[in-house]
Amino acid sequence: MIRVLIAEDMRLLRETVVAALEFEDDIAVVAVLEDGGSIVSAAVEARAEVAVLDIDLPGRTGLEAAAEMRTRYPQCRVLILTALANPGHLKRAMEIGVCGFILKDGSRQDLLHAVRTVAAGGNVLDPGLAVTALRAPGNPLTERESEVLRCFAEGAAPKQIATRLHLSYGTVRNYLASAVTKLRARTRVDAVRLATEAGWL
């Protein structure tokens, strides 16, 4: 029996996923959550073997929970269920050891196949997501531009970034301007958004 935890904040979708899995003789839904704050503790308590997680959850993202799961409860393998074919999310998921990544608009059979494959030790990647990831452009930012933009994303002002990275104020402004230009962004905040979505920060 495959013990499954589900974390999805949209009620209708959550109930649909639960129903799809509970109908199967070899799958038991042992925990159902609507936010990301208690995913790991619930997985431990329920002795879940597979966690089916949405990415955009209140309290904590599915990817943040998956990263903690890998260190605190690696017996539970993570399957991400998402509505967005975002190459940045996919890259991050692979880095933290997520075992499956499928789209919400897939079929019930896709979901069942993914849960069983992940539970058996395999990996699953929706073909559409794979194509999106392969077509995604490479990172145009230098390591220093990425570092400066990351500091800006964390809320540091250019002067604070200059102090933190031992750079001049003018150099930091130049790096930020270069990042905005390379990403074809409208503003620094837009550059952060684009770089984050692409998985470059």
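Our subject is the structure listed above.
Note that the coordinates shown come from a computational prediction; the quantities given were computed from them, not determined experimentally.

### Describing the layout of surface pockets
Argument step 1. One number sums up the size of the largest pocket: a volume of about 320 Å³.
Argument step 2. Surrounding the largest pocket, 14 residues form its lining, Leu-63, Gly-88, His-89, Arg-92 and Thr-196 being those nearest its centre.
Argument step 3. Mapped onto the lining of the largest pocket, the elements with two or more residues apiece are helix H3 (62-72), helix H4 (87-95) and helix H10 (188-197).
Argument step 4. In terms of residue count, the dominant contributor to the lining of the largest pocket is H4 (5 residues).
Argument step 5. Class assignment for the residues of the lining of the largest pocket results in 3 nonpolar, 6 polar and 5 charged.
Argument step 6. The space that makes up the second largest pocket amounts to roughly 190 Å³.
Argument step 7. Lining of the second largest pocket is provided by 14 residues; of these, Lys-104, Gly-106, Ser-107, Arg-108 and Leu-111 occupy positions nearest its centre.
Argument step 8. Residue assignment for the lining of the second largest pocket shows that the elements contributing at least two residues are helix H1 (11-22), strand E5 (100-103) and helix H5 (108-119).
Argument step 9. Here the lining of the second largest pocket gets 4 residues from one element, more than from any other, and that element is H1.

### Some words on the packing of helix H7 (residues 143-153) against helix H9 (residues 169-182)
Argument step 1. For the pair H7 and H9, interaxial distance at closest approach is 9 Å and the crossing angle is 100 degrees. Classified by the angle their axes make, H7 and H9 are roughly perpendicular. Contacts from Arg-144, Glu-145, Val-148, Leu-149 and Phe-152 of H7 reach H9 at Val-172, Tyr-175, Leu-176, Ser-178, Ala-179 and Lys-182.
Argument step 2. Among the residues forming the contact of H7 with H9, the class breakdown is 7 nonpolar, 1 polar and 3 charged.

Conventions adopted
Residues numbered from 1 in each chain as written. Predicted model: local features only at pLDDT ≥ 70, side-chain atom pairs only at ≥ 80, totals over all residues. Heavy atoms only, no water. 1 Å grid on protein atoms, 1.4 Å probe; cavity = no way out; pocket = protein on both sides within 12 Å on 5 of 7 lines; lining within 4 Å. Points joined across faces, edges and corners; volume = space filled by probe spheres on them. Helix = DSSP H or I, 4+ residues; strand = E, 2+ residues; numbered from the N terminus. Nonpolar A, V, L, I, M, F, W, Y, C, P; charged D, E, K, R; others polar. Axes fitted to C-alpha atoms, helices over the stretch in contact; angles between N-to-C directions. Parallel < 35°, antiparallel > 145°, perpendicular 65-115°, else oblique. Contact = heavy atoms within 4.5 Å.

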